[in-house]
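# Structural overview
In case you want the letters, here they are:
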Amino acid sequence: MTIYDRILTEKEFVHQNDLQYPFEERGLQFGDGIYEVIRVYQGNYYLIDEHVDRLYRSADAVKINVPYTKDQMYHYLDQLLKVNEVKSDAKVYLQITRGSAPRDHTFPLDTSANLYAYVKDLPRATDWMRDGVSAISHPDVRWDWCYIKSLNLLPNVLAKQEAKEQGSFEAILHKDGEVTECSSSNAYLVRNGKVYTHPARKNILHGCVRIAVEAFCKKEGIEFVEEAFRIEDIEYADELFLTSSTAEVMPITKVDERTIGDGTPGKITRTLQKCYEEDAKISAEQSLFKHV
Ligand SMILES: Cc1ncc(COP(=O)(O)O)c(C=O)c1O
């Protein structure tokens with residue numbers, strides 16, 4: 001395991017143990033901030049434009065003024081990998097809070113945002129991707145603005161913990177019977193050769209891998225239907241899968257006590273996994289070329 005101990009904070013890189021924030025930090029006290037988790041393959045970012053765009057969309061939605069332009073953000077993110085000499089498969093966690101200020105629900109307009117980012121090794125979960133994982137169904141009790149990647153993750157944390165305690169990988173969330181997404185990934189159902197997923201409305205996170213999966217479907221001639229499926233539709237699913245930057249395209253072979261299809265990852269899921277791998281490889285080659 002590689003140790004990456006240089007953390008990006010406010011344009012500077014500090015050693016992990018030297019990082020300190022004041023107690024009255026709005027991220028700590030109110031969860032008043034936003035974040036991104038970005039995949040890195042062999043030292044190169046994957047879907048970086050989608051993540052940076054979403055970061056600024058989230059910031060706008062909660063009135064956080066990101067004190068850097070997008071170009072500066074790309075530069076600092078690049079530097080984070082360079083100063084830590086990252087060559088492996090990893091993930092970058094980037095967090096921007098509204099800043100430090102005396103505790104009050106209203107925020108002083110002149111507070112400057114706090115930013116930090118770190119990188120951590122993250123090998124691909126190839127065994128799970130090959131064999132599939134199990135999930136539980138769980139009520140979605142989150143707020144209506146889940147398109148904002150906010151630090152307020154308590155309902156997601158509790159749902160994922162419940163899944164873990166039941167020996168499962170994920171919690172499939174449903175509201176009024178409709179499957180919205182999972183606790184930390186997007187959810188998809190395959191039926192008669194078509195891929196169904198919840199529309200990218202305000203009540204789900206618009207996943208960066210979801211954008212890629214839509215493009216893969218188009219390329220492969222697979223119909224991508226932005227239509228929410230119901231929790232009871234899972235009984236008739238040919239395949240189920242989830243996507244996220246850390247889990248990639250992950251087959252779900254069991255939900256609660258119900259086996260999906262024949263209990264092994266399905267053909268369309270496999271095709272999309274292959275597309276993902278090829279795309280990540282091409283993207284890494286292109287960014288290597290960019291640095292020449
Ligand atoms: C609630 C939720 N939905 C979906 C996703 C997938 O997003 P992405 O594909 O951008 O990683 C995540 C990722 O963290 C998430 O937390």
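Counting restarts for each chain: residues are numbered from 1 in the order of the written sequence. Where local features are concerned, this predicted model is filtered to residues with pLDDT of at least 70; where side-chain atom pairs are given and counted, the filter is 80 or more; whole-chain, interface and lining totals use all residues.

### Some details on the site of the ligand
Spelled out, the test is: Using a C-beta atom placed from the backbone for every residue, we mark a residue as near a molecule or strand if that atom lies within 6 Å of it. By the criteria applied, helices consist of DSSP H or I runs no shorter than four residues and strands consist of E runs no shorter than two, each listed in order from the N terminus. In this classification, the charged set is Asp, Glu, Lys and Arg, the nonpolar set is Ala, Val, Leu, Ile, Met, Phe, Trp, Tyr, Cys and Pro, and all remaining amino acids, among them Gly, are polar.
Around the ligand, the structure places 14 residues, and the nearest of them are L205, G207, C208, V209 and S245. No other element matches the three residues that helix α6 (residues 208-220) contributes to the shell around the ligand. Grouping the constituent residues of the shell around the ligand by class yields four nonpolar, eight polar and two charged.

### Let's talk about the pairing of strand β2 (residues 12-15)
Short version of the rule: Only strands that DSSP links by at least two bridges are regarded as paired with each other.
Bridge analysis of strand β1 (residues 6-9) against β2 gives four bridges, and the strand direction is antiparallel. Paired with L8 across the strands is F13, a residue of β2. Taking the residues between adjacent antiparallel strands as the criterion, β1 and β2 are bridged by two residues, where E10 takes a positive phi near 45°.

### Some thoughts on the sheet that holds β1
The condition that has to hold: Any residue pair is listed as a contact if its two C-beta atoms, each placed from the backbone, are within 7 Å. Angular values range over 0 to 180 degrees, each being the angle between N-to-C directions of two axes fitted as lines to C-alpha atoms, with helices fitted over their stretch in contact.
One open sheet accounts for six strands, arranged β2-β1-β6-β5-β3-β4; its pairing is antiparallel. Here the strands that pair on one side only, and so sit at the sheet edges, are β2 and β4 (44-45). Where helix α2 (residues 48-61) meets the sheet, it contacts β3 (33-41), β4 and β5 (90-97), and its direction lies at approximately 175° from that of β3.

### Brief notes about the nonpolar core
The condition that has to hold: Only buried Ala, Val, Leu, Ile, Met, Phe, Trp, Tyr and Cys residues enter a nonpolar core, and they are joined through C-beta atoms within 7 Å. As a rule, residues whose C-beta atom has 12 or fewer other C-beta atoms within 10 Å are exposed, those with 20 or more are buried, and those in between are partly exposed; C-beta atoms are placed from the backbone.
By size, the foremost hydrophobic cluster in this structure holds 38 residues, and its most contacted members are A135, A171, I172, L240 and I252. Here the element with the most residues in this core is α6; it accounts for six residues. Leave out the neighbours within four places in its chain, and I172 touches A135, S137, H138, V179, C182, A187 and V255. One finds Y45, Y46, L77 and L94 within the second-largest nonpolar core, a separate group that totals 26 residues.

### A few points about helix α3 (residues 70-83)
The condition is simple: In this analysis, the expected span of each helix is defined as 1.5 Å times one less than the number of residues it contains. Relevant arc is that of directions from the helix axis to the C-beta atoms, nothing else.
Compared with the 20 Å implied by 1.5 Å per residue over 14 residues, the 20 Å span of α3 between its first and last C-alpha is a close match. Those residues of α3 lying buried are M73, L77 and L80. For α3, the arc enclosing every buried residue in end-on projection is 50°, short of the 170-degree limit, so these residues lie on one face. Residues of α3 that are exposed and point over 90 degrees away from its buried face: D71 and Q72. Of the residues one or two after α3, E85 is the one with positive phi, at around 50°.

### Thoughts on the environment of I268
You can see I268 is positioned in helix α7 (residues 267-291). With 21 C-beta atoms packed within 10 Å, I268 lands in the buried category. Residues I268 and L240, 28 residues apart in the sequence, show an inter-C-alpha distance of 9.6 Å.

### What about the domain arrangement of the chain?
What counts here: Each domain's extent is set by a domain assignment, obtained either automatically or from a database.
Splitting the chain by domain gives domain 1 (6-123) and domain 2 (127-280). Each of domain 1 and domain 2 was reduced to a C-alpha centroid, and the two centroids are 26 Å apart. Elements with a contribution of two residues or more to the side of domain 1 that touches domain 2: β3 and α2. Per element, the largest residue contribution to the side of domain 1 that touches domain 2 is eight residues, and it comes from β3. Taken together, the residues of the side of domain 1 that touches domain 2 break down into 10 nonpolar, five polar and five charged.

### Some points on unusual backbone geometry
You will see that L47, though not glycine, has its phi angle at about 55°, which is positive. Mapped onto the fold, L47 is located in the loop between β4 and α2. Residue L47 is classed as partly exposed on the basis of its C-beta count, with 19 C-beta atoms lying within 10 Å. Of note in this structure, N192 is not a glycine but carries a positive phi near 50°. Along the chain, N192 turns up in the loop between β10 (186-191) and β11 (194-197).

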